[in-house]
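Residue strings, one per chain:
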Amino acid sequence: MVQYNFKKITVVPTGKDFIDIILSRTQRQTPTVVHKGYAISRLRQFYMRKVKYTQQNFHEKLSTIIDEFPRLDDIHPFYGDLLHVLYNKDHYKLALGQINTARNLIGKISKDYVKLLKYGDSLYRCKTLKVAALGRMCTVIKRVSPSLAYLEQVRQHMARLPSIDPNTRTILICGYPNVGKSSFINKITRADVDVQPYAFTTKSLFVGHTDFKYLRYQVIDTPGILDRPFEDRNIIEMCSITALAHLRAAILFFLDISGSCGYSIAQQAALFHSIKSLFMNKPLIIVCNKTDLQPFENLSEEDMKLVMEMKEEAMKTVIGQGGEATDEEGVLLKMSTLTEDGVIAVKNAACERLLNQRVELKMKSKKINDCLNRFHVAMPKPRDDKERPACIPEAVLEARAKEAAEKEKRKLEKDLENENGGAGVYSASLKKHYILANEEWKEDIMPEIFDGHNVFDFVDPDILQRLEELEQEEGLRQEEEADDEDMDGEELTPEEREALAEIRRKKSLLIQQHRIKKSTAESRPTVPRKFDKDKKFTTERMGRQLSALGLDPSLAIDRARGRSLSRKGRKRERSLARAGSDADDAMDMDVDQPSSKKLRMRSRSRSRSRPPGEVVPGQGFKDSAQKVKAIKLVRKSQKVRNKDARRGDADRTIPTLKPKHLFSGKRSLGKTSRR
Amino acid sequence: PQGDYIELHRKRHGYRLDHHERKRKRDAREVHKRSAMAQKALGIKGKMFAKKRYAEKALMKKTLAMHEESSTRRKVEDEAHEGAVPAYLLDREATTRAKVLSNTVKQKRKEKAGKWDVPLPKVRPVAEDEMFKVLRSGKRKTKQWKRMVTKVTFVGPSFTRKPPKYERFIRPSGLRFTKAHVTHPELKCTFNLEIIGVKKNPNGPTYTSLGVITKGTIIEVNVSELGLVTPAGKVVWGKYAQVTNNPENDGCINAVLLV
């Protein structure tokens, strides 16, 4: 289904703007620099390009305009007629035709001037030819600018037309002005049509949608029609006539029986009879509106007669459709949009009639056979005369009955509220259903703050239990504490005591020193450790300290020295060192210093290393050959990464072959011949 | 939204509370924005904008001047008539010294000078190398006797070329025109009329015979469109016109009818 959406037409620029847009585009998108000294073919090409580019742009834009505006002959006759009524078909076609000729003319101009440019032998001549060409194209557009303005206005108006689908279920509302058509559509759909006391408030068609039996119906509100000869009708009335003429819809003819619209029932009946030819083959319902002002029964004799005449006509349409012969209710309905009395009934009647008619038509058409084949409702054939109703267990039936009774019996809080004065007067007691140990506590007020604390922070349902547990624990701990004895002081031996005192003394000394240092640190520069004799990290100091404690430092010193990384020339000195280490006494620091500087007598013990093929028991190799092979395999499969910083196979990628920023743009200074 | 939804909304809900204030302020700011743009816009955009603005300013000045005109009484100026003489010279007889020449003498002089009563009495002479382009021909391209016309030409409808081998002057078909835009000097309107022939090219008789049309050429055009009638009652269908532009530069022939 084509959606008649005219909102997608692009904006039509005015003549002047059009010219500006195209010319500035030409100036921006074609090369701009040209000199007298260039080769003549280059000059010609430069200017020919401009002419062609301009022509192409004009062609493009004019083509979009011509293509996007709907052709009045190609769209549904309803829309064709509506557009004719609103915009005058001839004017519309002429405007589009002019745009078309303009497009062709511009094409011709471009062709001619490109031909002429081939004979241009100087820059000046080519330039003037280009200027003449562009100027001519622009004059063509200038001549056409009134059409452009007209088309822009048409486009703006078309975009606001309601999108009515002419083929789907539609209900059309018609009648005199001010009878209540717009109020009705406001009631049954979400369309927000303006309702005012003056006539011709609605000046164009409005569409709203409503649902009935899971189907969507379009409801179309029309401007009021006056009883005039056809030729005298103005554009607004013609809109509704067009809708009546072309749309296959259910028609609701509104009648104002109170006469408050300013027209009597006689006038309205006259209108009805003059347009009844438009009601052919359409389900027609006559709706008497404004029954709150004038009840239907109190109508005068003549008015009643007129209404009955109209009803007769409407009945004819019913019979003509092959529907039920005497469906009185479906033809003449009374309602009032103010009190909303009977509005839904009217809508339902209209939808029902329309649906029936459409279904009938579909059944009669040939296409139905394709659909019918796809439907099949299977009903089991009765085997015998035995009745087999639905089987519902007794319990379920009883439950259902009880539920129903209960629903009626139970008193809701809401009912209670309503009885006792309503929402603002009665406040429900929320504590009614509390479950407490003692029923009398229900209405008690709980304090919230006590002694500056929140009561709820201290509330705990298990508080008594917890108290018991705590007391138990407390009891246990007190017993334990009684068992504990003080170990401090009595069990130390004299040596230990001495050592303890020594340690404490030393610690206090360190602390004092640190304090002194800290206090004078800013005024006195600190000596780095390596130059500070007392604090250097040397093995001698370690040895001194150890011997002060009464231990033999030599082994420790050897080990420390052996592990030192700054040892060089191990091989030679090792034997010497080994020879010398046992004999030397590490205590004598000054003797050692110069010799160790030269020879580094202390050995460095090498970490144990193995030959490559040696089989270590835990590794899982059978023999040395296997291990060697395994090592080779590893080396082959894992290639060491090439860190020579040279390009390899994997480095060959071209991220973008022609990056845009390198190949476009003009240079302010310099040439673009090399990129 | 359908129909006039914007107006409907305005009718129902009115404007925003600060709408008018904001609108007023925005319009006041427009002035400053425009002037900023006028100062900052560069290049072709700036030039076009400046031109538009200048036109607007001129118009504005005129309207202001018009408004400032007051309907006060002004002194009426006493216009002196032609030949009015002050009182002390009244008695003298004025003598005019003018040479009276007869019409024939005048015409003879014009003929001698070569000036006619045409809109463009003098035109810039066109040199031969500007008019013709030398075409080399022959097996070794050494012969240079062929010439191609670089200006717009007119050849009649019954024109057939000479055999190409003997053709000395080549008039390319792309530069052949049949129609001219002829302006009537009194009616001031322009018609697109067919050319009947080239009467005279001021640069020389060779060009006339070739049918070359340059600025100042007299051409004969078919004016049956205009519906002119002689006093005798005969319909005029051919008239002379003078070309007023350079057709090879503009791609069209603009001429003025010689009435």
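Quick caveat: nothing in here was measured; it's all calculated off a predicted structure.

Asker: Please explain the overall build of chain A as it appears in this structure.
Answerer: Each helix and strand counted, chain A has 22 helices and eight strands in total. Going through the 675 residues of chain A one by one, you find that 31% of them count as buried. Restricting to contacts in chain A with at least 6 residues of sequence separation, those with at least 24 account for 68%. Counting every atom, chain A has about 48,100 Å² of accessible surface; 53% of that belongs to carbon and sulfur.

Asker: Got a minute to help me understand the overall build of chain B in this structure?
Answerer: Within chain B one finds seven helices and 10 strands. Out of the 259 residues in chain B, the part that is buried amounts to 24%. Restricting to contacts in chain B with at least 6 residues of sequence separation, those with at least 24 account for 44%. Total accessible area on chain B stands at roughly 20,700 Å², and carbon and sulfur atoms take up 54% of it.

Asker: Sorry, what's going on with the pattern of salt bridges here?
Answerer: Residue and element names in this part refer to chain B. Enumeration according to the criterion identifies 26 salt bridges over all chains in this entry. With a shortest N-O distance of 3.7 Å, D18 and R16 are connected by a salt bridge. Assessed through its relative accessible area of 32%, D18 is described here as partly exposed. The exposure class assigned to R16 is exposed, which follows from its relative accessible area of 57%. In this structure, the salt-bridge partner of R124 is E130, at a minimum N-O distance of 3.3 Å. Residue class for R124 comes out exposed when judged on its relative accessible area of 58%. Here E130 falls in the partly exposed class, since its relative accessible area comes to 30%. One continuous salt-bridge network, built from bridges that share partners, spans R124, E130, K151 and E248.

Asker: What exactly am I supposed to notice about the sheet that holds strand β1 (residues 132-137) of chain B here?
Answerer: Within a beta sheet, neighbouring strands are joined by backbone hydrogen bonds and run either parallel or antiparallel to one another. Residues and elements named next belong to chain B. Spatially, three strands are ordered β1-β2-β4 in an open sheet, and the strand pairing comes out mixed. Strands with a single pairing partner mark the edges of an open sheet, and in this sheet they are β1 and β4 (169-170). The pairing of strand β2 (residues 143-149) with β4 spans two bridges and is parallel. Residue pairing across strands places M148 opposite I170, the latter belonging to β4.

Asker: Explain the packing of aromatic side chains to me, please; I cannot follow it from the model alone.
Answerer: Two measures describe an aromatic ring pair: the distance that separates the ring centres and the angle between the ring planes. All names here are of chain A. Throughout the structure, instances matching the rule amount to 13 aromatic pairs over all chains. Relative to F279, the ring of F253 has its centre 6.3 Å away and its plane inclined at 65°; by these criteria the two rings are edge-to-face. Pair noted here: F253 is in strand β4 (residues 250-256) and F279 is in the loop between α8 (265-275) and β5 (284-289), with a separation of 26 residues, a long-range link. Judged by relative accessible area, F279 falls into the buried class, the value being 2%. Between the NZ or CZ atom of R42 and the centre of the ring of Y38, over which it lies, the distance is 3.8 Å. Geometry around F296 places K334 over its ring, the cationic atom sitting 4.8 Å from the centre.

Asker: Explain the environment of L96 of chain A here, please?
Answerer: All names here are of chain A. Its place among the elements puts L96 in helix α4 (residues 89-117). Residue classification places L96 among the buried positions, given a relative accessible area of 12%. C-alpha separation for the pair L96 and I65, spaced 31 residues apart in sequence, amounts to 8.4 Å. Discounting chain neighbours no more than four positions away, the residues touching L96 are I66, F69 and L151.

Asker: Where do I start with the packing of helix α1 (residues 15-29) of chain A against helix α2 (residues 40-68) of chain A in this structure?
Answerer: Each pair of packed helices gets described by two things: the angle between the helix axes and the distance between those axes. Residue and element names in this part refer to chain A. The geometry of α1 relative to α2 is characterised by a closest axis approach of 10 Å and an angle of 140° between their N-to-C directions. Between α1 and α2, the crossing angle belongs to the class labelled oblique. The interaxial crossing formed by α1 with α2 has right-handed handedness. Counting all contacts with α1, which are made through F18, I21, I22, R25, T26 and Q29, the residues of α2 involved are R49, K50, Y53, T54, N57, F58, K61 and L62.

Asker: Can you help me understand the environment of R147 of chain B in this one?
Answerer: All names here are of chain B. Relative to the helices and strands, R147 resides in strand β2. In this structure the C-alpha to C-alpha distance between R147 and D129, which are 18 residues apart in sequence, comes to 9.8 Å. At 2.8 Å, the side chain of R147 and the backbone oxygen of Q144 are in polar contact.

Asker: Looking at this model, I keep getting lost on the packing of helix α17 (residues 539-549) of chain A against helix α18 (residues 554-563) of chain A. Mind explaining?
Answerer: Residue and element names in this part refer to chain A. Taken N-terminus to C-terminus, the directions of α17 and α18 make an angle of 160°; their axes are 10 Å apart at the nearest point. One element, α17, and the other, α18, form an angle in the roughly antiparallel class. Between α17 and α18 the crossing geometry is right-handed. In this structure, α17 uses T539, E540, M542, G543 and L546 to contact α18, whose residues at the interface are A556, I557, A560 and R561. Grouping the constituent residues of the contact of α17 with α18 by class yields five nonpolar, two polar and two charged.

Asker: Just checking my understanding: could you explain the side chain of S336 of chain A for this structure?
Answerer: Residue and element names in this part refer to chain A. Within the secondary structure layout, S336 lies in the loop between β6 (332-334) and α10 (343-364). Residue classification places S336 among the buried positions, given a relative accessible area of 1%. Of the polar contacts made by the side chain of S336, one reaches the side chain of D292; its length is 2.8 Å. A distance of 3.3 Å separates a polar atom in the side chain of S336 from a polar atom in the side chain of T339. Residue contacts for S336: discarding those within four places in its chain leaves N289, K290, T291, D292, D341 and V343.

Asker: Help me understand the confidence of the model for chain A in this model?
Answerer: Residue and element names in this part refer to chain A. Here chain A shows a mean pLDDT of 84. Residues at 70 or above account for 89%. For chain A, the element scoring lowest by mean pLDDT is helix α20 (residues 589-599), at 46; α4 scores highest, at 96. Low confidence marks residues 579-602, where pLDDT is under 50. Its contacts with residues over four positions away, or in another chain, come to 25 contacts.

Asker: Before we go on, may I ask you to explain a positive patch on the surface in this structure?
Answerer: Residues R10, R22, K23, K25, R26, R29 and K33 of chain B make up a contiguous surface patch of positive charge. Looking at the element boundaries, K33 of chain B is found in helix α2 (residues 19-40).

Asker: I tried to follow the interface of chain A and chain B on my own but got confused; where do I start?
Answerer: Where the parts come together, the accessible area they lose is often given as the size of the interface. Facing the 24 residues of chain A at the interface are 22 residues of chain B. Of the roughly 1,900 Å² buried between chain A and chain B, counting both surfaces, carbon and sulfur atoms make up 47%. Our count for the chain A to chain B interface comes out at three salt bridges. For the salt bridge of R160 of chain A with D4 of chain B, the shortest nitrogen-to-oxygen distance reads 3.2 Å. Elements with a minimum of two residues in the side of chain A that touches chain B: α1, α4, α5 (123-159) and β2 (206-212) of chain A. For the side of chain A that touches chain B, the element with the highest residue contribution is α5 of chain A, accounting for six residues. Of the residues that constitute the side of chain A that touches chain B, the class distribution is 13 nonpolar, three polar and eight charged.

Asker: What is the right way to look at the pairing of β1 of chain B in this model?
Answerer: Along any regular strand the residues' side chains alternate between the sheet's two faces. Residues and elements named next belong to chain B. Where β1 and β2 come together, five bridges link them in antiparallel fashion. Among the inter-strand pairings, L135 is bridged to a residue of β2, identified as K146. The antiparallel hairpin formed by β1 and β2 contains five residues in its connecting segment, where G138 sits at a positive phi of about 100°.

Asker: Sorry if this is basic, but what is going on with the nonpolar core here?
Answerer: The tendency in soluble globular proteins is for nonpolar side chains to be buried as a group. Core analysis: the biggest nonpolar cluster contains 138 residues, and F69, M158, L252, F253 and F279 of chain A together with I219 of chain B have the highest contact counts within it. Residues in contact with M158 of chain A, not counting those within four places in the same chain, are F6, I9, F69, P70, L83, Y87 and Y92 of chain A. If you look at the next biggest cluster of nonpolar residues, it comprises seven residues, including F132, V149, L210 and V212 of chain B.

Asker: How do you make sense of the pairing of β5 of chain A when you look at a structure like this?
Answerer: All names here are of chain A. Counting buried positions over the six residues of β5 gives six, a clear majority of the element. Bridge analysis of β4 against β5 gives six bridges, and the strand direction is parallel. Bridging across to β5, D256 finds its partner in N289. This β-α-β element, β4 to α8 to β5, shows right-handed connectivity. Strand direction decides the pairing type here: β5 and β6, joined by three bridges, are parallel. What sits directly across from C288, in β6, is K334.

Reading the values: rules and limits
Residues numbered from 1 in each chain as written. Chains lettered and ligands numbered in written order. Predicted model: local features only at pLDDT ≥ 70, side-chain atom pairs only at ≥ 80, totals over all residues. Heavy atoms only, no water. Helix = DSSP H or I, 4+ residues; strand = E, 2+ residues; numbered from the N terminus. Buried < 20%, exposed > 50% of the residue type's maximum accessible area, 1.4 Å probe, protein only. Contact = heavy atoms within 4.5 Å. Areas by Shrake-Rupley, 256 points an atom, 1.4 Å probe, with all protein chains shown as cover. Salt bridge = Lys/Arg side-chain N within 4 Å of Asp/Glu carboxyl O. Pairing = 2+ DSSP bridges. Phe/Tyr/Trp six-rings, centres within 6.5 Å; stacked < 30°, edge-to-face > 60°. Lys NZ or Arg CZ within 6 Å of the ring centre and 35° of its normal. Axes fitted to C-alpha atoms, helices over the stretch in contact; angles between N-to-C directions. Parallel < 35°, antiparallel > 145°, perpendicular 65-115°, else oblique. Left-handed = near helix turned anticlockwise from the far one by under 90°. Polar contact = N/O pair within 3.5 Å; in protein donor to acceptor, adjacent residues only side chain to side chain. Nonpolar A, V, L, I, M, F, W, Y, C, P; charged D, E, K, R; others polar. pLDDT = per-residue confidence, 0-100. Patch = residues over 30% accessible without salt bridge, like charges linked within 9 Å, V, L, I, M, F, W, Y side chains within 5 Å. Lys, Arg positive; Asp, Glu negative; His and termini not counted. Charge placed at Lys NZ, Arg CZ, Asp CG, Glu CD. Buried area = accessible area lost by both parts, 1.4 Å probe. Core = buried A, V, L, I, M, F, W, Y, C linked by side-chain atoms within 4.5 Å. Right-handed = clockwise from strand over helix to strand, strands pointing away.

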